Amino acid sequence: KKCCHHGTTAEIMKISISSDFGWVLAALFSTFVTNMFLTFQVVAARNAFGVKYPALYAPPGHKHENKFNCVQRAHQNYLENWPQVMVLTVVNGLFYPKYAAGFCAIFAFGRIIYGYGYKAFGPSGRQIGGAIAHVGDLPLLLMTPYIAYKLLSRDAIA
């Protein structure tokens, strides 16, 4: 049936969610654990280095400016990437729940290593954790156009 000159549509949309989607939910939970780990790192660094709220970063010239800012930047970078990983995990998880969950969990684990490395070794300490995290987030990104193609090509054939 044609709808609004935009293509084919079904009159009723039915979505079946596999019980394997539970793995997606577990993986999404792991991202909240990662966020809490990174949040606690920032809270501990605030206390240890005397950086008071509402300052997001240590002020220029602060005795521990670089150390604190590395901890804070690891958390901020996570917050900048977290939303899209969550969306990609849910969307891809509707079609490939085990893969989506696995990649999401790899991302969450990589970001813990990233945060620890950034705190312990400065900017160069991010590399291993960043690489691990990208083993998780890049496949999620690439799965999306693949699934879109599969859906659109199936629709075009029908």
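See the structure above.
Numbering of residues begins from 1 in every chain and follows the order in which that chain's sequence is written. It should be noted that, the model being predicted, local features are given only for residues of pLDDT at least 70 and side-chain atom pairs only at 80 or more, the latter also being counted only at that level, while totals for whole chains, interfaces and linings use all residues. With hydrogens and water excluded, all non-hydrogen atoms of the structure serve as input to the side-chain values.

What's the story with the packing of aromatic side chains in this structure? I'm lost.
Two aromatic rings, taken as a pair, are described by how far apart their centres are and by the angle between their planes. Each Phe, Tyr or Trp ring, with Trp reduced to its six-membered ring, pairs with another whose centre is within 6.5 Å; inter-plane angles below 30 degrees give stacked pairs, above 60 give edge-to-face pairs, and intermediate values give tilted ones. If you walk through the whole model with that rule in mind, you get 7 aromatic pairs. With 5.0 Å between their ring centres and 75° between their planes, Phe32 and Trp82 make a pair best called edge-to-face. Placement of Phe32 in helix α1 (residues 21-49) and of Trp82 in helix α2 (residues 65-93) is noted, with a sequence separation of 50 residues between them. Note on classification: 1.4 Å probe, protein chains only; a residue is buried when its accessible area is under 20% of the maximum for its type, exposed when over 50%, partly exposed between these limits. For Phe32, a relative accessible area of 42% gives the class partly exposed. Taking the centre distance of 5.8 Å and the plane angle of 90° together, the rings of Tyr114 and Tyr118 count as edge-to-face. Within this pair, Tyr114 and its partner Tyr118 are both found in helix α3 (residues 97-121), separated by 4 residues, close to a single helical turn. Comparing Tyr114 with Tyr118 shows no difference in burial state: the two are buried. Whether a charge sits over a ring comes down to the Lys NZ or Arg CZ being within 6 Å of the ring centre and within 35 degrees of the ring normal. A cation sits over an aromatic face here: Arg46 above Tyr53, 3.9 Å from the ring centre. If you follow Arg111 out to its NZ or CZ, it ends over the ring of Tyr114, 4.6 Å from the centre. Think of it this way: any DSSP run of H or I at least four residues long counts as a helix, any run of E at least two long counts as a strand, and we number them from the N terminus.

Can you walk me through the packing of α2 against α3 in this structure?
Packed helices, taken two at a time, are described by their axes: the angle between them and the distance between them. Between α2 and α3, the least distance of the axes is 10 Å, while the angle of their chain directions is 180°. The orientation of α2 with respect to α3, classified from their angle, is roughly antiparallel. Contact with α2, carried on its side by Cys70, Val71, Arg73, Ala74, Asn77, Tyr78, Asn81, Val85, Thr89, Asn92 and Gly93, involves Pro97, Ala100, Cys104, Phe107, Arg111, Tyr114, Gly115, Tyr118 and Lys119 of α3 and no other residues of that element. Classifying every residue of the contact of α2 with α3 by side-chain character gives 11 nonpolar, 6 polar and 3 charged. Axis lines are fitted through C-alpha atoms, for helices just across the contact stretch, and the angle between N-to-C directions can take any value from 0 to 180 degrees. Orientation labels follow simple angle bins: below 35 degrees gives roughly parallel, above 145 gives roughly antiparallel, 65 to 115 gives roughly perpendicular, and whatever is left gives oblique. The contact criterion used throughout is that any non-hydrogen atoms of two residues lie within 4.5 Å. Each residue gets one of three labels, nonpolar for Ala, Val, Leu, Ile, Met, Phe, Trp, Tyr, Cys and Pro, charged for Asp, Glu, Lys and Arg, and polar for the others, Gly among them.

Would you mind going over the pattern of salt bridges with me for this structure?
Charged atoms that come close allow side chains of opposite charge to pair. Criterion for a salt bridge: a side-chain nitrogen of Lys or Arg within 4 Å of a carboxyl oxygen of Asp or Glu. Counted according to the given criterion, the structure contains 2 salt bridges. Ionic pairing is found between Lys98 and Asp20, a salt bridge with its closest N-O pair at 3.9 Å. Of the two residues, Lys98 sits in helix α3 while Asp20 sits in the segment before α1, which places them 78 residues apart along the sequence. On the accessibility criterion, Asp20 (25% relative accessible area) is partly exposed. Here Glu80 makes a salt bridge to Arg73, at a shortest N to O gap of 3.0 Å.

Is there a simple way to explain a nonpolar patch on the surface in this structure?
A cluster of nonpolar side chains, Ile15, Ile17, Leu94, Phe95 and Leu151, forms an exposed patch at the surface whose accessible area comes to about 440 Å². Examined against the element boundaries, Leu151 turns out to sit in helix α4 (residues 127-157). Relative accessible area serves as the criterion here: at 33%, Leu151 is assigned to the partly exposed category. Like-charged residues within 9 Å of one another, or nonpolar side chains (Val, Leu, Ile, Met, Phe, Trp, Tyr) within 5 Å, are grouped into patches, provided each residue has over 30% relative accessible area and no salt bridge. What sets the accessible areas is the Shrake-Rupley method with a 1.4 Å probe; for residues, cover comes only from the shown protein chains.

Explain α1 here, please?
Every α-helix winds through 3.6 residues per turn, so residues three or four apart in the chain are directed the same way. Here, expected helix span is obtained from the residue count minus one, scaled by 1.5 Å. For α1, spanning 29 residues, the distance from its first C-alpha to its last is 42 Å, which sits close to the expected 42 Å at 1.5 Å a residue. Taken together, the buried positions of α1 are Phe21, Val24, Ala27, Leu28, Thr31, Thr34, Asn35, Leu38, Gln41, Val42, Ala45 and Arg46. Looking at the buried side of α1, the elements it contacts are α2 and α3.

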